[in-house]
Amino acid sequence: MGARDGSGHVLVVGPASWNTLVHLDALPEPRSQTLFASGHHDGLGGTSAGKAVTLAALGVDVHLRTLVGDDEQGARVRAALGHPRIRLDAVPAAGGRTERHVNLMAADGGRVSLYLELPSPAVDPDAAAGLEGAAAAVVDLAAHGLPVLAVARAAGVPVWCDVHDDDGTAAFQRPFADGADVLIVSDARLDDPGEYLRARVAGGARLAVCSRGARGALALDAGGFWEVPAAPVDAVVDTNGAGDAFLAGLLAAELAGLGTPAALAHASAAGACAVATESLGAPQATARTVAALASRVDVRRA
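These numbers were taken from a predicted model, which means no experiment stands behind them.

Novice: How would you explain helix H5 (residues 193-202) if you had to name every residue and give the values?
Specialist: Pro-193, Gly-194, Tyr-196, Leu-197 and Arg-200 are the residues of H5 that are buried. Each buried residue of H5 lies within a common arc of 160° when the element is viewed along its axis, so the set occupies one face. Exposed and facing more than 90 degrees away from the buried side of H5 are Glu-195 and Ala-202. Regarding H5, its N-cap is Asp-192, as a side-chain oxygen of that residue lies 3.2 Å from the backbone nitrogen of Gly-194 further along. Just downstream of H5, Gly-204 is the residue with a positive phi angle, here 125°.

Novice: Help me get a handle on the side chain of Asp-221, residues and values and all.
Specialist: Checked against the element boundaries, Asp-221 lands in strand S12 (residues 217-221). Polar contacts involving the side chain of Asp-221 include one to the main-chain amide nitrogen of Gly-223, which spans 3.0 Å. Within the local environment of Asp-221, its side chain forms a polar contact with the side chain of Trp-226, the two groups lying 3.0 Å apart.

Novice: Please set out the confidence of the model for the protein chain residue by residue, giving values where relevant.
Specialist: The predicted coordinates should not be examined in detail at positions where pLDDT is low. On average, residues of the protein chain score 95 in pLDDT, and 98% of them reach the 70 mark or higher. Below a pLDDT of 50 lies the segment residues 1-6, which in the model reaches 22 contacts outside its immediate sequence neighbourhood of four places, other chains included.

Rules of the game
- Residues numbered from 1 in each chain as written.
- Predicted model: local features only at pLDDT ≥ 70, side-chain atom pairs only at ≥ 80, totals over all residues.
- Heavy atoms only, no water.
- Buried < 20%, exposed > 50% of the residue type's maximum accessible area, 1.4 Å probe, protein only.
- Helix = DSSP H or I, 4+ residues; strand = E, 2+ residues; numbered from the N terminus.
- Arc of directions from axis to C-beta.
- Polar contact = N/O pair within 3.5 Å; in protein donor to acceptor, adjacent residues only side chain to side chain.
- pLDDT = per-residue confidence, 0-100.
- Contact = heavy atoms within 4.5 Å.

Structure representation (C-alpha cells):
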C-alpha cells in the first residue's frame, strides 16, 4: 500500500504524547468517590502518533511533525515512534515538557482525557516542512498545525482532518473542518450526523465520514451516502486510537488506488485492528490482515 507503490509520503502534523491509561468498568459519576481500576498502563498517546504508527504498519512512509520535550516522557515518545517508515520531525516543546494525559477508559468505549501537560512550540515550525512530494497532509487538532492548512492547499496537497467530537459550531475545529478535502468526525456531539456531513461536502470536502463506534460509520461523497458496517472483532481490548486507525486505513487504501467503498471497508478493518490491542492505533496491523478483514465489510450506498 501507499508510499511503497510510489504514491509519495504522508505528512502528519499534530499531537504525540506519553499517557497513563486507567481502565474502569464505567466512567465515574460527577461526585466524590473511590474507584478501583481493572488495569492500567503507560504508553504512546496523541492522535497524530496513532495515525503515524498505523500508516507505517500499513506500508506508508510518514513524515510526522509533532512537539516533543527533552524530558523522560519525550525520550519514551521518540522510542515508541522508532519505525523505519516514520521520519520524526520533533519540534522542541516550550519548557522541555512533553504532552501528557491520564485517560480514563471505560469498558463500553467511553473515555475521559485529563491533560497534565499541553505544550506549545519553543520555536515557530516551518509550515511547509514535509509537504514537498507529499501525497496527503493529515492535519490534526493542534494550534501549531493551523498554518499548514493553507500552505498545503496552496501546494496542491490534499488535506485530511480528523475533527473528533466536533459539534458543527465549536470555534477551534472550524478552520480544520473548513480546510479539509477529507474529513473524519465522531457522532459523539452530533444530533444529526447526516446534516453535518451534507454541510461539509457542500463546503468543499470530497468525502466526509462520521464514525459511530460499534455501529460502524456513515460517509458522504458527491454521489450520496455510504453505510459502513463495523468490521467484526473477537473482543474489544482498548478503543484508544481506533479513530486514528480508521483514518489511516482509509488513507492507505486510497493511496493504493482503491475506490471509495473498498477504502471505507479498509478503514473499518483498521479500526477493528486497533480495538483488538491496548497499543495506540493499530501498530500490529499489516496491509494483508487489514485487506482480509475488509473483505468481510459490505459497504453499500445508504
